Amino acid sequence: MQPFRTHTGKVAPLERANIDTDQIIPKQFLKRIEKTGFGEFLFYDWRRGADGKPDAAFPLNQPLYAGASILAVGKNFGCGSSREHAVWALENAGFRAVIAPSFADIFANNCVQNGVLTVALSEDEVAQIIRRAREVSDYSITVDLETRRVHDQQGFSAEFKIDDFVRHRLLEGLDDIGLTLKHEADIAAYERQHSAA
């Protein structure tokens, strides 16, 4: 897992609340068993019209937000079913952080497992970021996990809270397997002492 310390990137705004995982990655794309190749299906039903062609009005289809790596969204992002594919789709599409007033717990936990940072700010702070992303060309912000701050070049700055252990895991790039391997020597010693007869 790629560590997350400080990331500066373009912001894509999606001012919708209660975006569930079925909208992030629709169910018909869950048949893949790899963790890659999901980015093109991110928000698939919203990105395309009934004719299957890209909807030019959808923010992620607009040239202004091409290459965005930070997503700013409404409250309760990632609600619904617990599919980890939703995080894979975001990560595959190049997003390193999601900023929202609140997140569904399971979705946020899945983000930790995949090195994507969820930043919870107040509704007013998120609204400021979304507004600036719409008004400022190539609007970017810096998300600093080490100092727990989000800031831009236009004077916006906000502090966010994050669990210390979650922060440690992201800073070090440790998923569950990585955490286990930190104890590899102890595990090997135990196995030598308790080998099968």
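Residues numbered from 1 in each chain as written. Predicted model: local features only at pLDDT ≥ 70, side-chain atom pairs only at ≥ 80, totals over all residues. Heavy atoms only, no water.

K.L.:
Just to check I follow, could you spell out the pairing of strand β6 (residues 149-152) for this structure?
P.N.:
Along a regular strand, successive side chains alternate from one face of the sheet to the other. Covered by surrounding structure in β6 are Val 150 and Asp 152 only, the residues Arg 149 and His 151 on the alternate face being uncovered. Summarising the sheet, strand β5 (residues 140-144) and β6 pair through four bridges and their orientation is antiparallel. Counted as the bridge partner of Ile 141 is Asp 152 from β6. What sits between the antiparallel neighbours β5 and β6 is a turn of four residues, in which Arg 148 has the positive phi angle 60 degrees. Direction of pairing for β6 relative to strand β7 (residues 157-159): antiparallel, over a ladder of three bridges. Residue pairing in the sheet places Val 150 in a bridge with Ala 158 of β7. The antiparallel pairing of β6 with β7 creates a hairpin that spans four residues between the two strands, and Gly 155 there sits at a positive phi of about 100 degrees. (Buried < 20%, exposed > 50% of the residue type's maximum accessible area, 1.4 Å probe, protein only. Helix = DSSP H or I, 4+ residues; strand = E, 2+ residues; numbered from the N terminus. Pairing = 2+ DSSP bridges.)

K.L.:
Sorry if this is basic, but what is going on with unusual backbone geometry here?
P.N.:
Most of the time, phi is negative for any residue but glycine, and the peptide bond is trans. One non-glycine residue with positive phi stands out, namely Phe 43, at about 50 degrees. Considering the arrangement of structural elements, one finds Phe 43 in the loop between α1 (21-24) and α2 (44-47). The class of Phe 43 is buried, set by a relative accessible area of 0%. In this structure, Asp 138 takes a positive phi of about 55 degrees despite not being glycine. Following the sequence through the fold, Asp 138 ends up in the loop between α5 (123-135) and β5.

K.L.:
Explain the packing of helix α3 (residues 85-92) against helix α4 (residues 105-113) here, please?
P.N.:
A packed helix pair is summarised by two numbers, namely the angle formed by the two axes and the spacing between the axes. The N-to-C vectors of α3 and α4 enclose an angle of 50 degrees; their axes lie 9 Å apart at closest approach. Of the possible angle classes, the one that applies to α3 and α4 is oblique. Here α3 and α4 pass one another in a crossing that is right-handed. Taking contact as the criterion, the partners of Ala 86, Val 87 and Leu 90 in α3 are, on α4, Phe 107, Asn 110 and Cys 111. Within the contact of α3 with α4, the residues separate by chemical class into five nonpolar, one polar and no charged. (Axes fitted to C-alpha atoms, helices over the stretch in contact; angles between N-to-C directions. Parallel < 35°, antiparallel > 145°, perpendicular 65-115°, else oblique. Left-handed = near helix turned anticlockwise from the far one by under 90°. Contact = heavy atoms within 4.5 Å. Nonpolar A, V, L, I, M, F, W, Y, C, P; charged D, E, K, R; others polar.)

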